Amino acid sequence: MAVSPAVTTLCENSNEVFLDVAKLLLTYADNILRNPNEDKYRSIRIGNPTFSTKLLPIKGAVECLFEMGFEEAETHLVFPKSASVEQLKLIRESIAAERDQRLQGGQPVQPTAQAAAALTSTPTPTPTPTPTPTPTPTPAPESSAAASSQPVTPPPSQPPSLESSMSFFVTLQSNFQHVMLYENPEMQEKARSCIPHQELSSAAERKLKEAKEADPECKLGMEEFLVLELLRWFKQDFFSWVNSLPCSRCNGPTQNASSLSPTAEDIRWGAQRVENHYCQSCQLSTRFPRYNNPEKLLETRRGRCGEWANCFTLCCRAIGLEARYIWDSTDHVWTEIYSVSQRRWLHCDSCENGCDKPLLYEVGWGKKLAYVLAFSKDQVVDVTWRYSCKHPEVLSRRTRVQEAWLLHTINGLNASRQQSLSPDRKKELTERLLVELVEFISPKKPKPGELGGRDSGSLAWRIARGETRKADAGTSTQAAGYVFTPTEKEKSDRLLHVRYIASKDQYCRVSNDSEVIQSWDQCVWRKESIFRKVEQDWKMVYLARTEGSSTGSISWKFDFAPTGMRIKSVSIMASSQTFHSGKVCWHLQTGQTTKEFSGDGTMQSFQSLSGSSEFIIVAALSDGGEEESSWQHSQLFRQSLNETEESSFEILIHLEEDA
């Protein structure tokens, strides 16, 4: 018989405390039931003294409000018009039954049979305890397994500001409750109907096989390759980014003006905020509701990072991946996937089509991180330290709540959520957590893929958020990057053959057993003001200059000297297109010599490189126009997303031993 975890936790309080808070909770519920059309009864101000002193500090009290159907707004808890009144009645009756039992003289630790009977249709969530690491993270003094079975005592000390702690607690509660939506069977089924699961699985199996053939010691499993395929599909084929919607009358550009009032339908799908995208030409407003319900997002398939991470996490759960939703206090969200083969959580950002690049935000985007928290059906974890290599700096910014308070609060939330878990599951989660804590205190260095700035969103939006790549400000993105050098097989075969396919966004090192390297920037020597653009409407993809930049460049370096080889012959195929006044200049550099060549898509031979030990291929993009879209006038590797076999860029190098 299912029992509300929130009411179960509430019942752990003393008789006097329980009766006081039950009276308050029943008043909130009864006001709504008696006055269904009165908005004033559907809102509770977080800063209200009654709420902050008599309800917030009590175990299970706020949890009961969330299970009734209350949701987090900026300064209030709100019972939306779309919330289930039946669910409110169920929780209300459970609390009332427990109150009546206690007033008659009993004081059971668990809800009474009468209370349990009132909740037979209430779903039971699941999870485990989670110590939250401090700057030099260490496990909590008691094991999390022990914490999950013990009543949660009041926090040992209050944070700097009571209002700050209340707000933070509501954020924790709201996110922890929200992720339970991803476990809804009907919602998962709807997501599966949108996902080409068989196609993604087949591609993942093929790439896993290729990886195993190229490296028999490869430890990666099917999950990792399926995640990569899901990320690629989600960004390229399914979801689209919204800066501002086109005018619904003239299809022209709009500007995000003041907010509009949400309709009942908006609120039903969690859109408490509606943006007004205003067209200066038509004087027409186009509405953009910021939906928070992932089921609705499966239909709209558009938004910014909030909508992207929300919908993507549901898709992950729908195909059986263990996923959690990541909330960052500096206003970004993403997903983590648990890799069974690697026994660790992998960072996944669907907006960026990025996987396992946790330092991307701090190093690449320049974010000043403070709190990064992971929410799953099982637990809350403070994962800030995975995303930073500057722990002392991060700690100096963690001033919203005290560390001891945060640790205690998270452990309390986990203990409450995990009451229905089996001992084996609790043990599994505790072991995972210990592995995470070791990872958090291990020194980190940025990988090449973590050095770039943000790709999603307009340049103005990225600048406003302080998330531009260094190249957007006119400096080089990286001092030095990837260098192609022959492997033992390529040295033996005296051949280095590389292909890049833009639609797949992958390099194939044909001469090294068809080794696959994902992402255009992973094999780049240097790049400046370059990003990969996917046009969902036209189903095309290409590399272009970042918005607002007048020039851009990208280069690839080949060096054979370390292996005692030199060039016998080189053939290169490069493709580029220009529009209006756009220009693309291709050059080969070796020593003090520079040779220009065409990017017309034909294979060209360069006998002049014979005997050399290294060279660099450079593409320089520019445009004399000043219009907003001039960054699109010079493009590299433009290709249809449906064309998955043709090379966009190809280099064939025959080698010989250096005399």
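For the structure, see preceding data.
Presented here is a report on the structure given in the accompanying data block.

Procedures and definitions
- Residues numbered from 1 in each chain as written.
- Predicted model: local features only at pLDDT ≥ 70, side-chain atom pairs only at ≥ 80, totals over all residues.
- Heavy atoms only, no water.
- Salt bridge = Lys/Arg side-chain N within 4 Å of Asp/Glu carboxyl O.
- Helix = DSSP H or I, 4+ residues; strand = E, 2+ residues; numbered from the N terminus.
- Buried < 20%, exposed > 50% of the residue type's maximum accessible area, 1.4 Å probe, protein only.
- Phe/Tyr/Trp six-rings, centres within 6.5 Å; stacked < 30°, edge-to-face > 60°.
- 1 Å grid on protein atoms, 1.4 Å probe; cavity = no way out; pocket = protein on both sides within 12 Å on 5 of 7 lines; lining within 4 Å.
- Points joined across faces, edges and corners; volume = space filled by probe spheres on them.
- Nonpolar A, V, L, I, M, F, W, Y, C, P; charged D, E, K, R; others polar.

A short note on the pattern of salt bridges
Following the criterion strictly, the structure yields 44 salt bridges and no others. The partner of Asp30 in a salt bridge is Arg34, and the shortest N-O contact between them spans 3.9 Å. One end of the pair, Asp30, and the other, Arg34, are both in helix H2 (residues 15–34), four residues apart, so they sit about a helical turn from each other. Looking at Asp30, the relative accessible area reads 13%, which means it is buried. Ionic pairing is found between Arg344 and Asp356, a salt bridge with its closest N-O pair at 2.8 Å. In this pair, Arg344 is assigned in strand E11 (residues 344–349) and Asp356 in the loop between strand E12 (354–355) and helix H15 (360–364), connecting sequence segments twelve residues apart. Here Arg344 falls in the partly exposed class, since its relative accessible area comes to 25%.

Focus on the packing of aromatic side chains
Taken as a whole and assessed by the stated rule, the structure comprises 33 aromatic pairs. Ring geometry for Trp586 against Phe597: centres 5.8 Å apart, planes inclined by 40°, an arrangement best described as tilted. Taken together, the positions of Trp586 in strand E24 (residues 582–590) and Phe597 in strand E25 (residues 593–597) put the pair eleven residues apart, joining distant regions of the chain. Classification of Trp586 by relative accessible area gives buried; the value is 1%.

Notes on empty space enclosed by the protein
Under the criterion given, the structure shown has five cavities of 30 Å³ or more. Estimates place the volume of the largest cavity at around 110 Å³. Taken together, eleven residues form the lining of the largest cavity, with Glu63, Glu67, Gln177, Ser416 and Arg417 sitting closest to its centre. Those elements giving two or more residues to the lining of the largest cavity turn out to be helix H1 (5–10), helix H4 (61–68), helix H8 (162–178) and helix H17 (403–417). A class-by-class count of the residues in the lining of the largest cavity yields five nonpolar, three polar and three charged. Roughly 60 Å³ of volume is contained in the second largest cavity. Sort the elements by how many residues they give to the lining of the second largest cavity and helix H18 (residues 423–441) lands first, with three residues. Looking at the lining of the second largest cavity residue by residue, the class counts come to three nonpolar, two polar and six charged.

That's the geometry; what it means functionally is another story.
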